[in-house]
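Below are the chains, spelled out letter by letter.
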Amino acid sequence: MRRYFTTLATLSSIIALALVKEVPLMLRIVLVVIGFWGTIDQFREDYKNNHENLKICTSQQQIEDAMTQLVKSQGKICIMSRDLSWVNPTIKATMKKKKDSLRVFAQKESELTNELIESGVEVHYYKDYGFEPKTRFTIIRYNRADPQVAIARTTSSVRKKGIEHKIYQTRGNNMQDEFICSLALDLMELCKSAAEKEKMRQKE
């Protein structure tokens, strides 16, 4: 939003300059044309970037399709979820195939998590720590220099009588995305360390 105000402020300055009578008419016309062209191009670029990063799902099928693409991504993947309710048979099969490249954090044990563990997937639970993340997210390529984070947020709409599931996926093209990736990686390592210490405590 701040970027939009800055762009409009720049356009206003150009128009103000174009209204100065001492400036030749032809030059004023050129300034106005350049100002409007630059503003439209900036809005178009901002709109494109925002929509490339944001995917809005309005049905369970769309959510599952989006998660399927994330799980199929190359490299190691970490999933921070609650009950993995979006896992359909296709996604489950993919998760089992990626068993050596998949790390899952879930709220508690379930038939699905036990099945994933049996297939070799690394699964940890956070219920016993008194911790429940408000943000569900997936980290893609967390073992590489170019990780990405997909953050999910679901809201209900009384007026539309449905759900709106937003998935923001970082692209690494701005400082905000870099900060999001850094925080997600830190949280993942913290949860992993806590889970490993809990397992050691239970063995003692």
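What you see is a predicted model, and the numbers here were worked out from it, not measured in a lab.

> Just to check I follow, could you spell out the nonpolar core for this structure?
The nonpolar side chains of a soluble globular protein tend to be buried with one another. By size, the foremost hydrophobic cluster in this structure holds 22 residues, and its most contacted members are Ile79, Leu84, Trp86 and Met95. Of the residues forming this core, the biggest block, 5 residues, is contributed by helix α3 (residues 60-71). The residues touching Leu84, leaving out its near neighbours within four places in the chain, are Ile79, Val104, Leu112, Thr113 and Leu116. One finds Phe105, Tyr142, Cys181 and Ala184 within the second-largest nonpolar core, a separate group that totals 12 residues.

> How should the state of the cysteines be read in this particular structure?
Using the criterion set out here, one finds 0 disulfides in the structure. With no disulfide of its own, Cys191 has Cys78 as its nearest cysteine by sulfur position, at a separation of 8.1 Å.

> Got a minute to help me understand unusual backbone geometry in this structure?
In this structure, Leu84 takes a positive phi of about 55 degrees despite not being glycine. By secondary structure assignment, the location of Leu84 is in the loop between β2 (77-80) and α4 (89-97). Phi at Arg141 is positive, roughly 55 degrees, even though this residue is not glycine. Relative to the helices and strands, Arg141 resides in the loop between β5 (136-140) and β6 (148-157). Since its relative accessible area comes to 15%, Arg141 is described here as buried.

The rules behind these values
- Residues numbered from 1 in each chain as written.
- Predicted model: local features only at pLDDT ≥ 70, side-chain atom pairs only at ≥ 80, totals over all residues.
- Heavy atoms only, no water.
- Core = buried A, V, L, I, M, F, W, Y, C linked by side-chain atoms within 4.5 Å.
- Buried < 20%, exposed > 50% of the residue type's maximum accessible area, 1.4 Å probe, protein only.
- Helix = DSSP H or I, 4+ residues; strand = E, 2+ residues; numbered from the N terminus.
- Contact = heavy atoms within 4.5 Å.
- Disulfide = S-S within 2.5 Å.

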